[in-house]
Amino acid sequence: NDASLLELRLCGASSGTVGNTVTKRPEDLKSYYNNLSALLLADALRSNTFVRVLDLRDNFIGPEGAKALAELLQINDFLATVNLKDNFVRDEGARALVIALERNDSVVELDLSGNGLSSKMETELKNAITLNRVPTKLKKLLPRLRANDETLTEISFADQALACVPPAPPKLQNLDDLCAELLFQVLQANTNLTTLNLSFQDFTDRGVRFLAGILHVNQALTSLNLYQNQAITDVGIDALIAALNANDVLTELDCSGANKVTLPALKALEAAVLMNRYPLALKRAIPLIRANAPTLRRLDLRPPVEDTPRAKRATLDDSACAVLASALRSNVYITALDLSGCGITSYGVQHIADYLRECAVLHSLDLSDNCITQDGAQFLTKALHKNATLQELRLRGNGLEEHGGKQLEALLRVNGTLRVLDTGGCGIHAKLQRRITLLIEMNAHAALVKNALVDALDNVATTDSIDFSCLATTHQFAVRKGQAPPSEVTDELVALAAQALHGNRYVTFLDLSYGTASVKGCHALTQILDHKSVLETIRLRHNCINDEGARALVDAAHRAPALTTLDIEGNDLVSDAMRRRIALAVALNTQPNAVKTAVLKIRQGDNSAKMLRLCVPDGGRYCDDTTCEILEHYYRETGMAVQRLDLSNNVITDVGVRYLARLVEAQRDLTVLKLSNNQITDEGVAVLIQAVGAVASKLESLQLDGNDIADESRIKVLDRKLKDSSGRTKAMPQPEVPRKGSPVLNIVEELESMMQADDLILRDALADRTTVLSIRSR
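What counts, and at which threshold
- Residues numbered from 1 in each chain as written.
- Predicted model: local features only at pLDDT ≥ 70, side-chain atom pairs only at ≥ 80, totals over all residues.
- Heavy atoms only, no water.
- Helix = DSSP H or I, 4+ residues; strand = E, 2+ residues; numbered from the N terminus.
- Buried < 20%, exposed > 50% of the residue type's maximum accessible area, 1.4 Å probe, protein only.
- Areas by Shrake-Rupley, 256 points an atom, 1.4 Å probe, with all protein chains shown as cover.
- Expected span 1.5 Å × (residues − 1).
- Contact = heavy atoms within 4.5 Å.
- Salt bridge = Lys/Arg side-chain N within 4 Å of Asp/Glu carboxyl O.
- Pairing = 2+ DSSP bridges.
- Axes fitted to C-alpha atoms, helices over the stretch in contact; angles between N-to-C directions.
- Lys, Arg positive; Asp, Glu negative; His and termini not counted.
- Polar contact = N/O pair within 3.5 Å; in protein donor to acceptor, adjacent residues only side chain to side chain.
- Disulfide = S-S within 2.5 Å.
- pLDDT = per-residue confidence, 0-100.
- Phe/Tyr/Trp six-rings, centres within 6.5 Å; stacked < 30°, edge-to-face > 60°.
- Lys NZ or Arg CZ within 6 Å of the ring centre and 35° of its normal.

Engineer: Could you give an account of the overall build of the protein, naming the residues involved and the relevant values?
Structural biologist: Counting its regular elements, the protein contains 31 helices and 23 strands. Buried residues in the protein amount to 48% of all 778 residues. Approximately 36,800 Å² of the protein is accessible, and the part contributed by carbon and sulfur atoms is 52%.

Engineer: Give a description of helix α16 (residues 401-412) that names residues and reports values.
Structural biologist: With twelve residues, α16 should reach 16 Å at 1.5 Å per residue; the first-to-last C-alpha distance of 17 Å fits that figure. All of the buried residues along α16 are Gly 404, Gly 405, Gln 407, Leu 408, Glu 409, Leu 411 and Leu 412. Against the buried residues of α16 lie α15 (374-384), β15 (420-422), α17 (430-442) and α18 (447-457).

Engineer: Quick rundown of helix α27 (residues 682-692)? Include the residues and the values.
Structural biologist: Counting buried residues along α27, nine of its eleven residues qualify, which places the element largely inside the surrounding structure. Turning to α27, its buried residues number three or more, namely Asp 682, Gly 684, Val 685, Ala 686, Val 687, Leu 688, Ile 689, Ala 691 and Val 692.

Engineer: Describe the environment of Ile 466, and please don't skip the residues or the numbers.
Structural biologist: Note that Ile 466 resides in strand β16 (residues 465-467). If sequence neighbours within four positions are ignored, Ile 466 has contacts with Ala 452, Leu 453, Ala 456, Leu 501, Val 507, Phe 509, Leu 510 and Asp 511.

Engineer: Help me get a handle on the pattern of salt bridges, residues and values and all.
Structural biologist: Taken as a whole and judged by the stated rule, the model has 32 salt bridges. A salt bridge links Arg 302 to Asp 300; its shortest N-O distance comes to 2.5 Å. One salt bridge connects Glu 632 with Arg 580, and the closest N-O pair in it is separated by 3.6 Å. Of this pair, Glu 632 sits in helix α25 (residues 625-638) while Arg 580 is found in helix α23 (residues 576-588), placing the two residues 52 residues apart along the sequence. Residue Arg 580 is classed as partly exposed on the basis of its relative accessible area, which comes to 24%. Three or more residues joined by partner-sharing salt bridges are found here, namely Glu 7, Arg 9, Asp 55 and Arg 57.

Engineer: How would you explain the sheet that holds strand β7 (residues 154-156) if you had to name every residue and give the values?
Structural biologist: Pairing is parallel in the open sheet, where four strands are placed in the order β7-β8-β9-β10. Each of the sheet's edge strands pairs with one partner strand only, and the pair in question is β7 and β10 (252-254). The average angle at which neighbouring strand axes cross in this sheet is 5°, direction not considered. Pairing geometry for strand β8 (residues 195-197) and strand β9 (residues 223-225), over three bridges, is parallel. Residue pairing across strands places Thr 195 opposite Ser 223, the latter belonging to β9.

Engineer: Lay out the side chain of Asp 205 with the relevant residues and their values.
Structural biologist: One can find Asp 205 in helix α8 (residues 205-217). Buried and without a salt bridge, Asp 205 has Arg 209 as its closest oppositely charged side chain, separated by 5.6 Å. Side chain to side chain, Asp 205 and Thr 233 meet in a polar contact 2.3 Å long.

Engineer: Which residues make up the state of the cysteines, and what are the values?
Structural biologist: Summed over the entire model, instances satisfying the criterion amount to zero disulfides. Note on Cys 321: no disulfide assigned, nearest cysteine sulfur contributed by Cys 342 at a separation of 8.1 Å. Residue Cys 321 is classed as buried on the basis of its relative accessible area of 0%.

Engineer: Run through the confidence of the model for the protein, naming residues and quoting values.
Structural biologist: Across the protein, the average pLDDT comes to 84, with 85% of residues at 70 or higher. Note on residues 161-166: pLDDT under 50 across the span, and eight contacts to partners over four residues away in sequence or across chains. Predicted confidence for residues 477-486 stays below pLDDT 50, and this span has nine contacts to residues more than four positions away or in other chains.

Engineer: Residue-level account of the packing of aromatic side chains, with values.
Structural biologist: In this structure the tally under the stated criterion is three aromatic pairs. Both rings, one in Phe 60 and one in Phe 88, keep their centres 5.2 Å apart while their planes meet at 20°; by these two values the pair is stacked. Of this pair, Phe 60 sits in the loop between β4 (53-55) and α2 (63-75) while Phe 88 is found in the loop between β5 (81-83) and α3 (90-103), placing the two residues 28 residues apart along the sequence. Under the relative-accessibility criterion, Phe 88 is labelled partly exposed at 32%. Plain terms: the ring middles of Phe 184 and Phe 210 are 6.0 Å apart, the flat faces sit at 50° to each other, and that makes the pair tilted. In this pair, Phe 184 is assigned in helix α7 (residues 177-187) and Phe 210 in helix α8, connecting sequence segments 26 residues apart. With a relative accessible area of 24%, Phe 184 lands in the partly exposed category. Here the guanidinium or amino end of Lys 137 rests over the ring plane of Phe 157, the centre of that ring lying 5.6 Å away.

Engineer: Kindly report on unusual backbone geometry, identifying the contributing residues and their values.
Structural biologist: Positive phi is not limited to glycine here, since Asn 148 has a value of about 60°. By secondary structure assignment, the location of Asn 148 is in the loop between α5 (136-146) and β7. The backbone of Asn 677 shows a phi angle near 55°, a positive value even though the residue is not glycine.

Engineer: Run through the sheet that holds strand β1 (residues 7-9), naming residues and quoting values.
Structural biologist: Pairing within the open sheet is parallel, and its four strands lie in the order β1-β4-β5-β6. One side of each edge strand has no neighbouring strand; the edge strands of this open sheet are β1 and β6 (109-111). Along the sheet, successive strands turn relative to each other by an average axial angle of 0°, direction set aside. Examined bridge by bridge, β5 and β6 share three bridges and lie parallel to one another. Note on β6: the bridge partner recorded for Val 82 is Leu 110.

Here it is as structure tokens:
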């Protein structure tokens, strides 16, 4: 183990050469080393620690000698160069040396040329020597990387690069391009290594290209550190950027510290790495967005359902939103953008809002199930004040709360393009949510409609009337001109108007004429017609209302005391009887309160309605002819029997008496009717005479004092009829009609001659057989 012996050169004696081939003569065999020599040398070098070079070229060493040297290499870690050129090692001996090199880390040069090796063996030998030239740590890790060792997830060569004692040349201290090539070979199929630290190494652009090749195919490596690799230039950086376009998982790549790399190249690389931190859908879409691809109309960036490392990074942070917004600004084809469930915060949505402020093509934006708060709502509302194209905005599942909801409500008062605004599950109060929904529905109609309904919704004191009848003319004009017609009066518009008027204290006039409103619209109106409603006039002329809708309006009119006009003219599906019911229901609201109370009792079947006293002025208002018509209608409609009816001290005329006469004729229980101090004349008395003489009448008392009756004879006739009426019984059989020549007709003829002065009274008397029988009994 002589320290001075560093190189051992035992070359054979050559007798001559032919070209480049050495020729050995048999008589000189003693001048050459053979297998025994190799065996002795191997034995002597087992414990030697100083010999670095062993030169045995031009000898007769065969496979056996090569095997002895192979055993030596497995033990000796100090030999760096072995030269067996021009021997007789053959493939058998070479294979033993290759196997030995797997356990040897020191031999970096092994020359077996001229040994009759096959090309395959030469390749194996070359690969084995190559492995021995790389740092020992890398050599030991390569088999594990090739075998896809599950426990090997992180590798760092930074500690070896900073080692104080370098290995003997030509053994590499740092990783170079050759090591990058070896890594490229083993990492292409590796699926477990996630972190690779190659800082402080000696890679050039060639080695970086091999590392870029790894990134092209490897989808497991997430972190690559190339810090302080001084030989890398912009060419290598460009190769890495191109690789990152195909790689979706690498999120950390440090190439700083390379003096030859320019700042723009580093920024481009940083942007490429940053893109890998965003959702895969965004990374794939960005080039298409920037290229203005006409096929990309809807951009869906919702996170995937599968549970993968890539899926876990599917959220859009603030920087991702900034990149997306920047790319979208130049795009003219994307009309729908779905960002639901992407974890976007209020600061991220600020970038989206900045894009919306300038956007002129986006129609639909879905931001559901994100982390947007009231601050984000403020950013969106400010942007949408200037946006005129967005029609659908979904914010369900965000934390907007009440303040954010109020901002959206204020936006909808001036924004006329939004048709859908989903704010469910955002912590907005139900009342405010209904107002937002109502304002969205208003946007589907013409500006004239929306402005009027918004004023009604806000209880603007200056808005006391709403007239939508003009929509029909505008609609027809637009159709004739081939333009998009505004909305006309439909059931939906009627329902919208009803919701806007709910709780309104100023609108008294509502005109919904000339449309297609039907039963559905009528039922919508009934929701706001109650005792709190201030609506006085409703016009529904020339719509599609039928009896069912009219019946609903009648019931509602009974609940709305302010309603005095309900015009349904032109609705051909409504019967005459239903029209009269509507007219009376509305007319009832103009009557004294006592009349309203009486009708309510009649409709409810209250027994107190059998005896009505309506003779005291109610707030300066008197019962009139309409009162009589109303009472006659509701008594007849409900079938309630009235016994006493006092209508004294009112303004009833002969017109009202005719309705009361019908009531007298129809009611079997009416015994007392007081009409004192009214405006009844002789004509009204004649009508009463005829009514009292009816078979069904049981009227016993009829007061007409204080009226404008000039002919007292009529009063006498009426008095006689009342007496006859009071003496009737329900069990009395109907008498037969008197025949000619009977005593009854003789009396009648006598009466006729006596009463020629008043043909009307006589005619009335002869018209009733009961009257004739009464005359005969007298």
